[in-house]
Amino acid sequence: MMKTGVLIISHGSRDQAWVSIVEEAVSHVALEEEMPVAVSFLELVEGRLIQDGIDSLEHAGVTDIIVIPLFVSSGSTHVDEIEYALGAKPAPEKETDLEPFAVKARVHYGYPVDDDPDIAVMIWDKLRGLSKHPERETILLVGHGSVHDGFRQRWQQGISTLAERVRRISGAAAADYGLLNPDSVRSKVEYWQEQGHDVLVAPLFLSQGYFTKHVIPGRLSGLKYAYSGQTLLPHPLLPHWIEQQVKVMLERIREGC
């Protein structure tokens, strides 16, 4: 008899506040039917790692695990290596030190944030307080990016489409993106300033940390721009994004039975 559970995987941090903000978001997830849910982290959170999540779900009798990779881009190498280590793909696209997990249940691997419409609304909600004259503003999404071929292109595809969604919602004159890897953030701000635009910088990160507090401001040192540093979480739409993904994947599982 099939029993489905949900495994939500995020990167993890030594900062307990970072961990708590992810757990808080997941605590508001309201699924249409009762099923076990585990929150796990790739690293840095002792006792809450991915194998711990798998074990807890299987101990609850789960035969099918819906995995939600809580990362902002399918261009993340972590999304690739976790999918491989869970046995959901035969080999990683990039060499990894992540060993295969011990998992007996069937794994149904979901998708990261990328350009989901809910995420565009979340970004604008965090940014709207900085907007004064949208007719001459450019919204610049800033993501981690990747130097690896194939992964970099996925980053670019997802964040560029997401930027356009934010532009349509906001009514801003333009929207663009910059990546920290390979670095294009400073040059993008300078370009739009040369066009006579005010630049509103939005970090595409789950929660605040080293990159949002230090790296992004450091790359833009000496430039004039608007930046609140507010990240995707906390926001009430993140649980909705998870709920919708679980619903879609649950339907697929049942269709395949």
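Structure first, text after, so check above.
Since the structure is predicted, the reported quantities are computational estimates derived from the model, not experimental observations.

(A) Structural detail: the overall build of the chain. Broken down by element type, the chain carries 8 helices and 8 strands. Principal-axis analysis of the C-alpha atoms gives the chain an extent of 60 × 35 × 35 Å. The buried share among the 257 residues of the chain stands at 49%. By element, 49% of the accessible surface of the chain is carried by carbon and sulfur atoms, the whole surface being about 12200 Å². Counting 24 positive and 36 negative side-chain charges, the chain places the averaged centre of each group 5 Å from the other.

(B) Here's a closer look at the side chain of His-235. Looking at the element boundaries, His-235 is found in the loop between strand 8 (226-227) and helix 8 (237-256). For His-235, a relative accessible area of 12% puts it in the buried group. A polar contact of 3.0 Å, which involves the side chain of His-235, links it to the backbone nitrogen of Leu-237. With near-sequence residues (within four places) excluded, His-235 lies in contact with Met-122, Asp-125 and Lys-126.

(C) Region of the structure containing the sheet that holds strand 3 (residues 64-69). Taking strand neighbours across the sheet as the criterion, the 4 strands line up as 2-1-3-4 in an open arrangement whose pairing is parallel. A strand with exactly one partner marks an edge of an open sheet, and here the two such strands are strand 2 (37-41) and strand 4 (106-109). Shown here is a sheet whose adjacent strand axes are inclined to one another by a mean of 25°, direction ignored. With 5 bridges joining them, strand 1 (residues 4-10) and strand 2 adopt parallel strand pairing.

(D) Structural context of the pairing of strand 5 (residues 137-145). Across the 9 residues that make up strand 5, a large majority, 8, are buried. Across 6 bridges, strand 5 lies against strand 7 (residues 198-203) in parallel orientation. The residue of strand 7 that forms the bridge with Leu-140 is Val-201. Both strand 5 and strand 6 (residues 174-181) contribute to a ladder of 7 bridges, which runs parallel. Across the sheet, Leu-140 pairs through a bridge with Asp-176, a residue of strand 6. Read from strand 5 through helix 5 (residues 151-170) to strand 6, the crossover connection turns out right-handed.

(E) The pattern of salt bridges, seen in detail. Inspection of every chain in the model, using the stated rule, returns 14 salt bridges. Arg-154 serves as the salt-bridge partner of Glu-93, at 2.4 Å between the closest nitrogen and oxygen. Placement of the pair is Glu-93 in the loop between helix 3 (77-85) and strand 4 and Arg-154 in helix 5, with a sequence separation of 61 residues. Relative accessible area serves as the criterion here: at 48%, Glu-93 is assigned to the partly exposed category. Given the relative accessible area of 26%, Arg-154 is considered partly exposed. The partner of Asp-183 in a salt bridge is Arg-219, with the nearest N and O atoms 3.3 Å apart. Highlighted residues: Asp-183 in the loop between strand 6 and helix 6 (185-194) and Arg-219 in helix 7 (residues 210-219), separated in sequence by 36 residues. Among the ionic contacts, a cluster of salt bridges with common partners joins Asp-80, Lys-89, Glu-93 and Arg-154.

Thresholds, definitions, all that
Residues numbered from 1 in each chain as written. Predicted model: local features only at pLDDT ≥ 70, side-chain atom pairs only at ≥ 80, totals over all residues. Heavy atoms only, no water. Helix = DSSP H or I, 4+ residues; strand = E, 2+ residues; numbered from the N terminus. Buried < 20%, exposed > 50% of the residue type's maximum accessible area, 1.4 Å probe, protein only. Areas by Shrake-Rupley, 256 points an atom, 1.4 Å probe, with all protein chains shown as cover. Lys, Arg positive; Asp, Glu negative; His and termini not counted. Charge placed at Lys NZ, Arg CZ, Asp CG, Glu CD. Polar contact = N/O pair within 3.5 Å; in protein donor to acceptor, adjacent residues only side chain to side chain. Contact = heavy atoms within 4.5 Å. Pairing = 2+ DSSP bridges. Axes fitted to C-alpha atoms, helices over the stretch in contact; angles between N-to-C directions. Right-handed = clockwise from strand over helix to strand, strands pointing away. Salt bridge = Lys/Arg side-chain N within 4 Å of Asp/Glu carboxyl O.

Read these as geometric descriptors, not functional statements.
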